[in-house]
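Descriptive analysis of the structure
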2 protein chains.
Amino acid sequence: MLMQSAVNARQFHPAVAAAAPGEREAVDMMGVVMTFKRNAEIYGENEAADYLYKVISGAVRTYKVLADGRRQIGSFYLPGDVFGLEVGSEHAFSAEAVTDTRVLVTKRSVLVSRAERDASAARQLWEVAARELRRAQEHALALIKTAEERVAGFLMDMAKRSSQPDRIDLPMSRQDIADYLGLTIETVSRTFTHLEAIAAIDLPSSRRVVLRNRAALSRLTG
Amino acid sequence: MLMQSAVNARQFHPAVAAAAPGEREAVDMMGVVMTFKRNAEIYGENEAADYLYKVISGAVRTYKVLADGRRQIGSFYLPGDVFGLEVGSEHAFSAEAVTDTRVLVTKRSVLVSRAERDASAARQLWEVAARELRRAQEHALALIKTAEERVAGFLMDMAKRSSQPDRIDLPMSRQDIADYLGLTIETVSRTFTHLEAIAAIDLPSSRRVVLRNRAALSRLTG
DNA sequence: CGTGCAGTTGAGCAAATTCAACGCTTGTGG
DNA sequence: CCACAAGCGTTGAATTTGCTCAACTGCACG
């Protein structure tokens, strides 16, 4: 299988083709596993959207940079999440690894042509797009709220996606959170501190959050 | 055709079935035309999303109301725009007519089953979803910007969708615009006035905007 | 043991909101 | 036909929220 993907290297992601054989690992016939170091670019805005990605471990952020340097993070993707599906032929956002990350990479055309034959594959593809739409809608909804509501909502969302029910290990920096929520790092930091002060959360370390009072937190959500 | 839709009333929108024959008009086999008065509800959040709507004339807003009464407008739909397509089985937003509005209503299942046979119909359906996703992403992007950037961007967007190149007839109130942009009516009003003061726009009346300096406006877009 | 990065905290400031008053248009009833 | 109420929009003043600028801490890594 590994040898076969070497033979078919041209059908995979450029970085896959370039990688030495030992750096990639075939998982099944649906794609190859790639690893990205912290902050490494996975793809760039306006690049051809020829591949779909599924996070195996680590975390990914998609983002845009405005003309004046402001950065807007579109989404964070955690293990199990699929990203890179675009409505057009090009990526609308850039994607980077937040931490060292392993992703399963599959050629989009393979999935699309399979979807044309297999209704359940088509439905899966639709599901990915659907999730993306819902995410964007909820993100827009969050951005009309106050700083405290945004941060509380972010934590609730992360908790829901976390493996442990009430503990969150944040893979991303305060700057990442700020750029996702449309706030400054200072405001995010202050809000974390404030949420700790009112006993809604605990902050054993800056990247670890324990939900101490879910009810209070969800009341702050707006 | 009109009589036939009367016979098949059960497959149409409840309001269609309830309407007297003279109040609806069949356009083609894809659906029936319905009219909604200013501020009339077209569908509600959490209702079954069994129909697709295409604006013929007028304007439509989709929105959610938060627990504390704040309203977030998801989108405005102008003639030619399709709305009501949801990723799940229920509407994520409510929809209302902004002004007296005529829409073409089609049963979703009809389009879906056609898409299963006809690839171009499938592509059209995908296109509608794609536009919706792009819209939501751009909306989120707009909401991290300053008030002036949001308003300028909104006007540029409306101008792009307007029939006349540099003149916009706004169908919606300042409150609608404010709820769409995540601002207050006062801030929207002040920003309009300010844009007029710097000669970026003219305001012959409160609902009419003339773009006087597109370059200045797009510079303010961020 | 420094150096650099990430995060926190404080003080002052700018942007947007809130509260309030007022003008204009529209529609309605006397 | 006029008077007046209601809705919409604008403007002003005070207040609040979040941002900017700046200093400082803790920690990891060379």
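Residues numbered from 1 in each chain as written. Chains lettered and ligands numbered in written order. Predicted model: local features only at pLDDT ≥ 70, side-chain atom pairs only at ≥ 80, totals over all residues. Heavy atoms only, no water.

The environment of DNA strand D is formed by 17 residues, the closest being Ala147 and Thr187 of chain A together with Ser189, Thr193 and Arg207 of chain B. Those atoms of DNA strand D that come within 4 Å of the protein belong to sugar or phosphate at a rate of 64%. One of the side-chain N or O atoms of Arg190 of chain A is found 3.0 Å from a base oxygen in DNA strand D. Side-chain polar atom of Ser189 of chain B to a phosphate oxygen of DNA strand D: 2.8 Å apart, as the coordinates give it. Counting residues per element, the ones that place at least two in the surface near DNA strand D are helix H7 (185-197) of chain A together with helix H7 (185-197) of chain B. Residue composition of the surface near DNA strand D, grouped by class: 2 nonpolar, 8 polar and 7 charged. (Near = heavy atom within 4 Å. Polar contact = N/O pair within 3.5 Å; in protein donor to acceptor, adjacent residues only side chain to side chain. Helix = DSSP H or I, 4+ residues; strand = E, 2+ residues; numbered from the N terminus. Nonpolar A, V, L, I, M, F, W, Y, C, P; charged D, E, K, R; others polar.)

Before going further, it helps to examine the relation of the copies chain B and chain A. Laying chain B over chain A is done by rotating through 180° and shifting 0.0 Å along the axis; what remains is an RMSD of 0.0 Å. In symmetry terms, the pair is related by a two-fold rotation axis. Relative to the rotation axis, the closest C-alpha in chain B is found at Ala140 of chain B, a distance of 2.2 Å. Of the interface residues in chain B, 100% have counterparts in chain A that sit at the interface too, so the contact is made through matching surfaces. (Least-squares fit on C-alpha atoms with pLDDT ≥ 70 in both. Contact = heavy atoms within 4.5 Å.)

Turning next to unusual backbone geometry. Even without glycine at this site, Asn46 of chain A takes up a positive phi of about 75°. Position of Asn46 of chain A among the secondary structure elements: in the loop between strand S3 (41-43) and strand S4 (51-57). Unusually for a residue other than glycine, Asn39 of chain B sits at a positive phi of about 70°. Among the structural elements, Asn39 of chain B can be located in the loop between strand S2 (31-36) and strand S3 (41-43). Residue Asn39 of chain B is classed as partly exposed on the basis of its relative accessible area of 41%. (Buried < 20%, exposed > 50% of the residue type's maximum accessible area, 1.4 Å probe, protein only.)

Looking at DNA strand C, there are 17 residues lining it, with Ser189, Thr193 and Arg207 of chain A together with Ala147 and Thr187 of chain B nearest. Considering the 4 Å shell around the protein, atoms of DNA strand C inside it are sugar or phosphate in 64% of instances. Within the side chain of Arg174 of chain A, an N or O atom sits 2.8 Å from a phosphate oxygen of DNA strand C. For the surface near DNA strand C, the elements supplying multiple residues, two or more each, are H7 of chain A together with H7 of chain B. With 4 residues, H7 of chain A is the single largest residue contributor to the surface near DNA strand C. Counted by class, the surface near DNA strand C contains 2 nonpolar, 8 polar and 7 charged residues.

Take the environment of Thr187 of chain B next. In this fold, Thr187 of chain B is placed in helix H7. For the pair formed by Thr187 of chain B and Glu148 of chain B, sequence separation is 39 residues and the distance between their alpha carbons is 9.0 Å.

Right, let's talk about the sheet that holds strand S10 (residues 167-169) of chain A for a bit. Residues and elements named next belong to chain A. Strand order across the open sheet formed by 3 strands is S10-S12-S11, with antiparallel pairing between neighbours. Each of the sheet's edge strands pairs with one partner strand only, and the pair in question is S10 and strand S11 (201-205). Going across the sheet, the axis of each strand differs from the next one's by a mean of 20°, ignoring polarity. Here S10 runs beside strand S12 (residues 208-211); their pairing, made up of 3 bridges, is antiparallel. Residue Asp169 lies in a different strand from S12, and its bridge partner there is Arg208. Where H7 meets the sheet, its contacts fall on S11 and S12, and the angle it forms with S11 comes to roughly 120°. (Pairing = 2+ DSSP bridges. Axes fitted to C-alpha atoms, helices over the stretch in contact; angles between N-to-C directions.)

This part covers the domain arrangement of chain A. Residues and elements named next belong to chain A. According to the domain assignment, chain A consists of domain 1 (2-120) and domain 2 (147-220). Listed by partner, the interface residues are 13 residues for domain 1 and 10 residues for domain 2. The contact between domain 1 and domain 2 buries some 960 Å² in all, and 55% of this surface belongs to carbon and sulfur atoms. Taken as a group, Arg71, Phe76 and Leu78 account for 57% of the area that domain 1 buries against domain 2, more than any other trio of residues on that side. The tally of links from domain 1 across to domain 2 stands at 4 salt bridges. One salt bridge in this structure joins Asp176 and Arg61, with 3.0 Å as the shortest N-O distance. Our enumeration of links across domain 1 and domain 2 arrives at 6 residue pairs in polar contact (both at pLDDT 80 or more). When its residues are assigned to classes, the side of domain 1 that touches domain 2 shows 6 nonpolar, 4 polar and 3 charged. (Domains from an automatic or database assignment. Buried area = accessible area lost by both parts, 1.4 Å probe. Salt bridge = Lys/Arg side-chain N within 4 Å of Asp/Glu carboxyl O.)

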